[in-house]
Every structure is written in structure tokens, then in C-alpha cells.
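# Inside the fold
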Amino acid sequence: MSFKLTDEQLMIQSMVREFSRKVVAETAAERDKTKEFPADNLKKMAELGLLGMMVPFDYEGSDSDTVGYVLALSEIAYSCASTAVVMSVHNSIVCESILNFGTEDQKQHYLKDLAMGKYIGAFALTEPEAGSDPVSQQTTAVKDGDHYIINGTKRFITTGKNSGLVIVTAKTDPEARHKGISTFIVTRDNPGLVVGNTEDKMGLRASDTTDLHLEDCRVPAADMLGKEGEGFKIVMKGLDGGRIGIAAQSLGVAQAAFDAAVKYAKQRDQFGQKISKFQGLRWIIADMATEIEAARQLTLSAAAMKDSKKRFTTQASMAKLYASEMVNRVTAKALQMHGGYGFTKDYPVERFYRDARVFTIYEGTSEIQRVVISNNILKDKRT
Ligand code: CAA
């Protein structure tokens, strides 16, 4: 499948590119040092419609397709990967899950506010003992009249501290494996939702990653997302879209590292000439550009498949697998091309290198993407 972007998609790309390079880029290095949450970026992004990108106009969204969303997210990631991951989880998992599985009341109540950026959404699936294997989660939700009482601990939650709403999974039937998992919308003002430890991370330092404790957290039954026992499928479908988001994020960081490396190679003199004249480096540049383009095509293809309403699980995992591994290779090569300077904070490539490291880990490791792809090809399950 080859891509001719529509006028609307090109317009989104150029608008977000301009905003990202003027506004988001300005504070990215500083935020990496201070770990300051990009609240002001997100406020401006809400005004531009970037926080409800695939939400229909009726719910205050921008009604973009997934291809437009991928282009926008890549542009934000080009300047600040921390801001991009907040945007990604908020749009791809939280808004989309409520859009696809929420009741009309939930859409009126929560989706509109999310799309307008009144608050940011988070997604709480992972637990201390349940990462790649979310079916083994321990959090429980017990029915109590017209409420559920949730207890448990969630780990590595993006925007755990700075979100206003969290989609939480819990076991409503502990014996039933994946069919015993349900999904709830829990708001920040719920006293039973307690923020725990904040991780001190290698990269994405301006995006908070925290534990969330659910302590006798009373949630109205009306805030269950989907039906009891449907939670696992809801989150798996959410993650299908989320993985396209991580691929888009990978593209943006890779392009930034590549542009920085090309610029440096054209400026730096060694052995009496620009280092860009050496064939050894020229071949590395060619390989980097080719890999970025391959990842772009895979990601856009997965996005277009989602837009055409076909099942896109395999394509999303392929895009996430390839793009996240690609950006780790590309940022490492970009740093190497900068020599000793690449290892310093004087150049942005060391930040790109650190930020990219988690892309092969979150929203399903590379190993899990291979499980998903091979299960779907072989039409059976791994043992
Ligand atoms: N869409 C719809 N249904 C799906 C599905 C999908 N993509 N994937 C699985 N299902 C369904 C299956 O059809 C099956 O249903 P039936 O019983 O009706 O047949 C059911 O779900 C169970 O499927 P599996 O038996 O394949 O489940 P499994 O336990 O073997 O796990 C897995 C499958 C792919 C390994 C899954 O557990 C997985 O993706 N693990 C990784 C978890 C992950 O990505 N965590 C990321 C945390 S969030 C995060 O990082 C966000 C952030 O903050 C940045």
C-alpha cells in the first residue's frame, strides 16, 4: 500500500510541525532535566484539538482519522517524546476505549472533557506481578449495591499523577481468567485512588510514571466500561490502537535523531574534510533513512487499516515491533556519529537515545509483539 496523503492530513502535519518545533521543542531539554510535567504544552495542544484527535465532532473532538493522528503524534515526538507519550495514551487508549465501548452517558460525561483537554487520561492495566501477562492481575472489584469496590496496586502508569481520569482493570471474577476481568472509569477526585511511588526513569523524564493504589475505591456501577467480564478484550483492542501510537512516537524520535546526525555530519571537519564525505558515514545515513521510511510505511499502513475498519491487530504489532526497534538502532547510530559530543548534554542525541529505550518495552515488549504476530499468522496460541 503506498500513501498519498489527503489535503487534510497534510494540513494537520504542517500545523503540528510548526507548533511542535516552535513551542514544544523550546522546553524539551529543560524538562528532561527538571522532570516538569508538560502541562503548558498540553494546554496549547488542547486548543489545537490534539487531545481528542479521533473523537467525533459531536463529542468535542477533531474527527481526524488515524493516519492524521499518526502524523500529528510523530511531529510532537520529534520535539519532546515525554509530551508525545502523554498524548498517545490519552488519545489512543483512553479516548478511543470510551468512544468504542462507553455508554452515551460516559461519552457525554467523560469523553467530551477528555477531548477538550479539561483533564488527561491514564490507563492502569500493569501490576507489580502482571506486566506481559495481564491476565494474572490481582486487583479485584467486588459488587456492593450499585457500586464496585476496587482494591489493588497498578504499576508503571503513564500520567499516574497528572491525569484526571484513569481506566482501571480489575478482576470481577478471580476464577475466570481473562473472562473475569472488567474495566472501570475512575476519576481523580475518588478518595480511593491514591498515587504511590513515582519512578525515576532513564528517559521520558517529563512524563510521570507512578504506582496507583486502589484502596477500597468505590466506583459507581455506571462507570464500568463495557460489560462485566469484557475488560480484557476492551484493553487488548485499546492496545492495538496504542501500539500504532508508539510506532508513531518512534518515527518522530528517529527522524529527530536522523536530522541531528545529518546536520552534524555536514558541519564537522576531520582529516581535512566534512565527515559527511566519508563513505562509511554516508552508508550509515542511507541505512538510517531507509529504516525510517520502512517504519513510516508500516505505521501508516496499520493506521490506514484501522481507518478502513478492518482488523488491524497484526499490522499494529508489526509497526510497533519494527518502529520501536528501528528507533533504538537509529538513535544509537546518530549518537555514534556525533563522537564524544554525542555523549554530552550539549547535543540532543543523548536524550533521543535515552527516550527511545522504553519504546521496545511499553505497550507490549518486542517479544510480546512477536507472540501477537505469530499467533495471528499460525491461527493458534503459543505454548
Ligand atoms: N483484540 C480483540 N480480542 C483479543 C485481542 C485483540 N487484540 N487479543 C486477544 N484477544 C482475545 C482473544 O481472542 C481471546 O478471546 P477468546 O477467549 O474469546 O478466544 C482472549 O482475548 C484471550 O486471548 P489470549 O489467550 O491470546 O490471551 P493471553 O493471556 O495469551 O495474552 C497477550 C495475550 C498478547 C500476550 C496479551 O496478554 C498482551 O498483549 N500482553 C502485553 C500487555 C501489554 O501490552 N501491556 C502494556 C501495558 S500498558 C502501557 O504500557 C501503557 C503505557 O502507559 C505507555
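See the structure shown above.
Quick look at the structure, then. (Residues numbered from 1 in each chain as written. Predicted model: local features only at pLDDT ≥ 70, side-chain atom pairs only at ≥ 80, totals over all residues. Heavy atoms only, no water.)

## Here's the deal with the site of the ligand
If you check the shell around the ligand, you find 26 residues, and the closest are Thr158, His178, Lys233, Arg243 and Glu363. Within the side chain of His178, a nitrogen or oxygen atom sits 2.7 Å from an oxygen atom of the ligand. Arg243 is positioned such that a nitrogen or oxygen atom in its side chain is 2.8 Å from an oxygen atom of the ligand. Burial of the ligand by the protein amounts to 82% of the accessible area it has alone, namely 1,100 Å². Secondary structure elements with two or more residues in the shell around the ligand: helix H6 (231–267) and helix H10 (366–378). Looking at the shell around the ligand element by element, the count peaks at seven residues for H6. Grouping the amino acids of the shell around the ligand by side-chain chemistry returns ten nonpolar, seven polar and nine charged. (Near = heavy atom within 4 Å. Polar contact = N/O pair within 3.5 Å; in protein donor to acceptor, adjacent residues only side chain to side chain. Areas by Shrake-Rupley, 256 points an atom, 1.4 Å probe, with all protein chains shown as cover. Helix = DSSP H or I, 4+ residues; strand = E, 2+ residues; numbered from the N terminus. Nonpolar A, V, L, I, M, F, W, Y, C, P; charged D, E, K, R; others polar.)

## Looking at unusual backbone geometry
The phi angle at Asp216 is positive, at roughly 45 degrees, despite the residue not being glycine. The residue Asp216 is located in strand S7 (residues 209–220) in this model.

## A short note on the packing of aromatic side chains
What the rule picks out here adds up to five aromatic pairs. Pairing Phe271 with Phe278 gives two aromatic rings, centres 6.2 Å apart and planes at 85 degrees, and the pair type is edge-to-face. Phe271 sits in the exposed class, given a relative accessible area of 80%. Note on Phe278: relative accessible area 28%, which makes it partly exposed. Taken together, the ring pairs connect Tyr264, Tyr341 and Tyr347 into an aromatic cluster. A cation over an aromatic ring shows up here: Arg21 above the ring of Tyr78, its NZ or CZ 3.7 Å from the ring centre. (Phe/Tyr/Trp six-rings, centres within 6.5 Å; stacked < 30°, edge-to-face > 60°. Buried < 20%, exposed > 50% of the residue type's maximum accessible area, 1.4 Å probe, protein only. Lys NZ or Arg CZ within 6 Å of the ring centre and 35° of its normal.)

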